[in-house]
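Here are the chains, one letter per residue:
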Amino acid sequence: MLYGIAAATTALLLAAVLSALLRVPALRLGVVDRRRQRPLPLFGGVAVVLATCLVAVGGDRFGVTRLGGDVGRLVVTGAVVAALGLVADVRRVKARVLVVGTAVAAACVVPYDETGVPAGLLAVGWITFVALAFRALDHADALAGTVGVVTAFGVGACAAAEVMDGLAVLLSVLAAALTGFLMHNWHPARVGLGSCGSLFTGFLLAASAVSTRAGYGLAPSAGVLFALTAVASADVLLVVLARLLGGRPVLRRGPDHLAHRLRRTGLTGPGVTVLLGLGAFAGVLVGVLVHLGWIADSGVFWVGGGALCVVLVLLRIPGHPPRGSASTQVRGQLRVRNG
């Protein structure tokens, strides 16, 4: 217990310091997001990855808390996914490269002995989906980080309930590292998460959630996993539907994500982040309660129904406002990420 608090505090401070220090090198090297009024350095994700891995591995190495072989492998593969994301931040990488690389990493961490091969392959697809969904969710200041913190606490609670102490510690460290990063990412952001941090966060959360649900029924597990990542999943569903209905390429970037459309309703940037953070908290709470058996499995249908209603309502808000309209100012204030 005491180590968990100390580890989380260390990760928070380390991530906060590294995010500030790495901002200048990112600007000098040109690793920035230029899709806004001023370039945003993208080494915040590197800070989150370093803080999480150093604290978690350090605790295991010095024998303070044992992560275990499975959790150690998760940290290593997560770092590999983060490295792939860093390459995508530094230079252009095709989407299929990110998909294949993330899927290969996911295939290395799924507990097939507990899930079985068919369900394990589905888990690989789901982990890949969530990792890329978090990358797409990184389209507004503090959004991916906020949702990541909420989800990490939820999945960590599920891990603790399964007496998976090493995994619970890793998730608490990840949540703390994201919190330290958010000190510099809240609107107006001074540093961004980038593909490095967003892929790493989504991958760790999804793989951890799969591990906590291994051995449970496929259908109930699918409901819990969706509830834990409802906001990221809704964002992907919204973008895919909007682009298919509009006849636009699904993989082409554009200002048509959750936060973009909510901004066009008149909400401020921080207001959108708080609103979506509350939505993530509601979904995570239901997922945790279902996992603990405190409410019926059918509770996840409320999360799914709510997410679907939000998507259908936001589809009525134009993803690409007319040129010259007041709402086009949002495009200069929100970062556009791949969806």
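As shown above, the structure is provided for reference.
For the structure given in this document, a descriptive report is provided here. (Residues numbered from 1 in each chain as written. Predicted model: local features only at pLDDT ≥ 70, side-chain atom pairs only at ≥ 80, totals over all residues. Heavy atoms only, no water.)

**Observations regarding the overall build of the chain**
A count of helical and extended segments in the chain gives 15 helices and two strands. Dimensions of the chain along its principal axes, counting C-alpha atoms only, are 60 × 45 × 35 Å. For the chain, buried positions account for 54% of its 339 residues. Counting every atom, the chain has about 14500 Å² of accessible surface; 69% of that belongs to carbon and sulfur. Positive and negative charge centroids in the chain, built from 28 and 13 side chains respectively, lie 17 Å apart. (Helix = DSSP H or I, 4+ residues; strand = E, 2+ residues; numbered from the N terminus. Buried < 20%, exposed > 50% of the residue type's maximum accessible area, 1.4 Å probe, protein only. Areas by Shrake-Rupley, 256 points an atom, 1.4 Å probe, with all protein chains shown as cover. Lys, Arg positive; Asp, Glu negative; His and termini not counted. Charge placed at Lys NZ, Arg CZ, Asp CG, Glu CD.)

**A few points about the packing of helix α4 (residues 69–90) against helix α5 (residues 95–107)**
Between α4 and α5, the shortest axis-to-axis distance is 9 Å and the interhelical angle comes to 170°. One finds that α4 runs roughly antiparallel with respect to α5. Where α4 approaches α5, its residues Thr-77, Val-81, Leu-84 and Ala-88 are matched on the opposing element by Val-97, Leu-98, Gly-101, Thr-102 and Ala-105. Classifying every residue of the contact of α4 with α5 by side-chain character gives six nonpolar, three polar and no charged. (Axes fitted to C-alpha atoms, helices over the stretch in contact; angles between N-to-C directions. Parallel < 35°, antiparallel > 145°, perpendicular 65-115°, else oblique. Contact = heavy atoms within 4.5 Å. Nonpolar A, V, L, I, M, F, W, Y, C, P; charged D, E, K, R; others polar.)

**With respect to the side chain of Arg-243**
Relative to the helices and strands, Arg-243 resides in helix α12 (residues 230–245). There is a polar contact of 2.8 Å between the side chain of Arg-243 and the side chain of Asp-256. (Polar contact = N/O pair within 3.5 Å; in protein donor to acceptor, adjacent residues only side chain to side chain.)

**Examining the environment of Thr-102**
Within the secondary structure, Thr-102 is located in helix α5. Separated by 48 residues in sequence, Thr-102 and Leu-54 have C-alpha atoms that sit 22 Å apart. Apart from the residues within four sequence positions on either side, Thr-102 is in contact with Val-81, Leu-84, Thr-128, Ala-131 and Phe-203. A distance of 2.7 Å separates the side chain of Thr-102 from the backbone oxygen of Leu-98, its partner in a polar contact.

**Description of the pattern of salt bridges**
Opposite charge on two side chains lets them pair, provided their charged atoms get close. A complete count under the given rule lists three salt bridges for this structure. Among the ionic pairs, Arg-248 bridges to Asp-256, the shortest N-O distance being 3.4 Å. Its relative accessible area of 29% is what places Arg-248 among the partly exposed residues. By relative accessible area, which is 1% here, Asp-256 ends up buried. Within the structure, one salt-bridge network assembled from shared partners comprises Arg-243, Arg-248 and Asp-256. (Salt bridge = Lys/Arg side-chain N within 4 Å of Asp/Glu carboxyl O.)

**So, a nonpolar patch on the surface**
Judged by side-chain polarity, Val-99, Val-100 and Val-104 come together as a nonpolar surface patch covering roughly 240 Å² of accessible area. Turning to its location among the elements, Val-104 is positioned in helix α5. (Patch = residues over 30% accessible without salt bridge, like charges linked within 9 Å, V, L, I, M, F, W, Y side chains within 5 Å.)

**Description of the nonpolar core**
Ranked by internal contacts, the top residues of the largest apolar core, which has 102 residues, are Leu-74, Trp-126, Ile-127, Leu-170 and Phe-203. The greatest single-element share of this core, amounting to 13 residues, is contributed by helix α9 (residues 165–185). Those residues in contact with Leu-170, other than ones at most four positions away along the chain, are Thr-52, Ala-56, Val-71, Leu-74, Val-75 and Leu-204. (Core = buried A, V, L, I, M, F, W, Y, C linked by side-chain atoms within 4.5 Å.)

**Topic: α5**
Because an α-helix packs 3.6 residues into every turn, residues spaced three or four apart end up facing the same way. Under the 1.5 Å per step criterion, the end-to-end length of α5 is 18 Å for 13 residues, consistent within 8% with the ideal 18 Å. Those residues of α5 that fall on the buried side of the exposure criterion are Leu-98, Thr-102, Ala-105 and Ala-106. The buried residues of α5 occupy an angular sector of 100° when projected down its axis, which confines them to one face. Residues Arg-96, Val-100 and Val-104 are exposed on α5 and point more than 90 degrees away from its buried face. For α5, the elements touching its buried residues are α4, α7 (117–137) and α10 (194–213). (Expected span 1.5 Å × (residues − 1). Arc of directions from axis to C-beta.)

**Topic: helix α15 (residues 299–314)**
Spanning 16 residues, α15 covers 23 Å between terminal C-alpha atoms, matching the ideal 22 Å at 1.5 Å per step. Residues of α15 that are buried: Gly-299, Val-300, Val-303, Ala-307, Val-311 and Leu-314. Seen from one end, α15 has its buried residues packed into an arc of 125°, which puts them on one side. Pointing more than 90 degrees away from the buried face of α15 are the exposed residues Phe-301, Trp-302 and Val-313. Lining the buried residues of α15 we find α11 (218–228), α12, α13 (258–263) and α14 (269–292).

**Side note on unusual backbone geometry**
For the bond from His-187 to Pro-188, the omega torsion is -5°, close enough to zero to count as cis. Positionally, Pro-188 belongs in the loop between α9 and α10. Even without a glycine there, the phi angle at Ala-142 is positive, about 70°. Considering the arrangement of structural elements, one finds Ala-142 in the loop between α7 and α8 (143–161). With phi around 55°, Val-163 is a residue other than glycine that occupies positive phi space. In this fold, Val-163 is placed in the loop between α8 and α9. According to the relative accessible area criterion, Val-163 is exposed, its value standing at 63%.

By themselves, these are just geometric observations and shouldn't be taken as functional.
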